[in-house]
Amino acid sequence: MPLDQEIESEEEEVGKEMSFIGHLEELRWHVIRAGGSILVFAIIAFVYIKEIYHYVIIAPSQPDFWTYRMLCKLAAVVKYDELCIKALNFKLQAIGVGDQFTMSMTSSVIAGLVFAFPYAFWEVWRFIKPGLRPAEQKSARGAVFYVTFLFFSGVFFGYYVVTPLAINFLANFTLDPSIINEFSLSSYISLVATLTLACGIAFQLPIVVYVLAKVGVLTPSFMREYRKHAMIVILIVAAVITPSPDIYSQVIVAIPLFLLYELSILVAGKVEREKLREEKALANISGNSDF
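Definitions and cut-offs
- Residues numbered from 1 in each chain as written.
- Predicted model: local features only at pLDDT ≥ 70, side-chain atom pairs only at ≥ 80, totals over all residues.
- Heavy atoms only, no water.
- 1 Å grid on protein atoms, 1.4 Å probe; cavity = no way out; pocket = protein on both sides within 12 Å on 5 of 7 lines; lining within 4 Å.
- Points joined across faces, edges and corners; volume = space filled by probe spheres on them.
- Helix = DSSP H or I, 4+ residues; strand = E, 2+ residues; numbered from the N terminus.
- Nonpolar A, V, L, I, M, F, W, Y, C, P; charged D, E, K, R; others polar.
- Phe/Tyr/Trp six-rings, centres within 6.5 Å; stacked < 30°, edge-to-face > 60°.
- Lys NZ or Arg CZ within 6 Å of the ring centre and 35° of its normal.
- Polar contact = N/O pair within 3.5 Å; in protein donor to acceptor, adjacent residues only side chain to side chain.
- Contact = heavy atoms within 4.5 Å.
- pLDDT = per-residue confidence, 0-100.
- Salt bridge = Lys/Arg side-chain N within 4 Å of Asp/Glu carboxyl O.
- Buried < 20%, exposed > 50% of the residue type's maximum accessible area, 1.4 Å probe, protein only.
- Disulfide = S-S within 2.5 Å.

1. Digging into the layout of surface pockets
No. 1: Here the largest pocket is characterised by a volume of approximately 1000 Å³.
No. 2: Lining the largest pocket are 29 residues, and of these Ser 139, Ala 140, Arg 141, Tyr 210 and Lys 214 sit closest to its centre.
No. 3: Breaking the lining of the largest pocket down by element, the ones donating at least two residues are helix 5 (117-128), helix 6 (134-139), helix 7 (143-172), helix 9 (205-214) and helix 12 (247-290).
No. 4: When its residues are assigned to classes, the lining of the largest pocket shows 18 nonpolar, two polar and nine charged.
No. 5: Of the volumes computed, that of the second largest pocket is approximately 490 Å³.
No. 6: Every residue lining the second largest pocket is counted, 19 residues in all, and those nearest its centre are Val 56, Val 114, Val 155, Tyr 159 and Thr 196.
No. 7: Elements supplying a minimum of two residues to the lining of the second largest pocket: helix 2 (49-57), helix 4 (99-115), helix 7 and helix 8 (185-202).

In structure tokens:
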């Protein structure tokens with residue numbers, strides 16, 4: 001190989017390497033800013049941690065919680081008194097010396113993650129978006145809004161529906177009347193955080209379906225064909241999330257999940273129609289070029 005061609009080849013390799021390093025540097029700053037936003041909100045949450053514990057974290061353990069009051073009203077309508085939750089048979093306790101401080105730190109980080117989610121995802125999206133084609137960017141317009149909306153919808157659903165139902169069942173389930181329920185603070189917070197964040201992630205189903213439909217893995221016809229199977233899976237998931245044998249509680253959880261599945265079918269249908277329009281446009285262009 002001539003010397004000049006060898007030098008040009010080395011320069012191209014260096015350019016590619018610098019480009020890759022540049023992308024890593026850009027990603028690093030996006031991650032730093034996203035992490036910084038979580039830290040800022042975590043610090044704010046730690047400053048107001050007592051109020052957050054009293055009005056948010058501990059609230060589902062009290063019989064006067066909003067969800068329990070609504071269930072009592074629903075029980076009066078359907079004439080099913082067992083649906084009304086009037087007492088929760090447990091007490092919270094901090095077993096370890098530093099449990100309360102440790103849990104306050106953990107809770108602050110979780111709160112920071114939840115409240116900083118829109119900005120953190122926006123930072124991630126800013127890194128991903130330039131790598132998409134113009135058509136993909138156009139079809140993904142509003143991604144931050146939809147992801148954030150679904151996430152917070154799932155968080156509210158998990159906090160106001162799934163968590164209270166789970167706490168009620170676990171608090172009132174006893175092997176023997178002589179056994180007293182005294183739950184540790186760490187296990188209680190773990191339950192609340194897990195169910196709430198899990199629902200926030202589960203509500204991203206339409207976004208996942210949108211991506212899979214884009215790459216051709218899922219189609220609306222496939223989802224409609226297996227709708228009955230999906231209903232069975234949703235009922236099983238609802239039974240697992242709400243361990244209560246009460247059918248009303250399971251239905252309350254299953255309905256939003258089924259609606260999400262139906263919404264995902266509409267999303268997949270929209271993607272399929274867009275693909276058909278693009279293919280038709282390409283066919284028209286190629287047909288005109290033949291003339």
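From this point on, the discussion continues.
2. Description of the packing of aromatic side chains
No. 1: Taken as a whole, this structure holds 18 aromatic pairs when the rule is applied.
No. 2: Their ring planes at 90° and their centres at 6.4 Å tell us that Phe 46 and Phe 101 sit as a pair that is edge-to-face. Taken together, the positions of Phe 46 in helix 1 (residues 3-47) and Phe 101 in helix 4 put the pair 55 residues apart, joining distant regions of the chain.
No. 3: An aromatic cluster is present here, built from Phe 65, Trp 66, Tyr 68, Phe 156, Tyr 159 and Tyr 160 joined pairwise through their rings.
No. 4: If you follow Arg 28 out to its NZ or CZ, it ends over the ring of Trp 29, 5.1 Å from the centre.
No. 5: When the ring centre of Trp 122 is taken as origin, the NZ or CZ atom of Arg 126, which lies over that ring, is 4.8 Å away.

3. Quick notes on the side chain of Glu 274
No. 1: Secondary-structure assignment places Glu 274 in helix 12.
No. 2: Among the polar contacts listed, one links the side chain of Glu 274 to the side chain of Lys 270, at a separation of 2.6 Å.
No. 3: Look past the residues within four positions of Glu 274 in its chain and what remains in contact with it is Ser 139 and Lys 214.

4. Examining the confidence of the model for the protein chain
No. 1: With 89% of its residues at a pLDDT of at least 70, the protein chain reaches an overall mean of 84.
No. 2: This stretch, residues 3-18, has a pLDDT under 50; its non-local contacts, to residues over four places away or in other chains, come to one contact.

5. Regarding the pattern of salt bridges
No. 1: According to the stated counting rule, one finds six salt bridges in the structure shown.
No. 2: Between Lys 214 and Glu 274 there is a salt bridge; the shortest N-O distance is 3.7 Å. Of the two residues, Lys 214 sits in helix 9 while Glu 274 sits in helix 12, which places them 60 residues apart along the sequence.
No. 3: The buried category is assigned to Glu 274, whose relative accessible area is 14%.
No. 4: Here Lys 270 and Glu 274 are joined by a salt bridge, their closest N and O atoms 2.6 Å apart. One end of the pair, Lys 270, and the other, Glu 274, are both in helix 12, four residues apart, so they sit about a helical turn from each other.
No. 5: Salt bridges sharing common partners tie together Arg 33, Glu 123 and Arg 126.

6. Considering the state of the cysteines
Disulfide: a covalent bond connecting the sulfur atoms of a pair of cysteines.
No. 1: If you walk through the whole model with that rule in mind, you get one disulfide.
No. 2: Linked covalently through their sulfurs, Cys 72 and Cys 84 form a disulfide whose S-S length is 2.0 Å. Of note, the bridge from Cys 72 to Cys 84 carries an S-S torsion of about 75° and is right-handed in sense. Note that Cys 72 is positioned in helix 3 (residues 66-78) and Cys 84 in the loop between helix 3 and strand 1 (91-93), a separation of twelve residues in sequence.
No. 3: Among the residues examined, Cys 84 registers a relative accessible area of 18% and is labelled buried.

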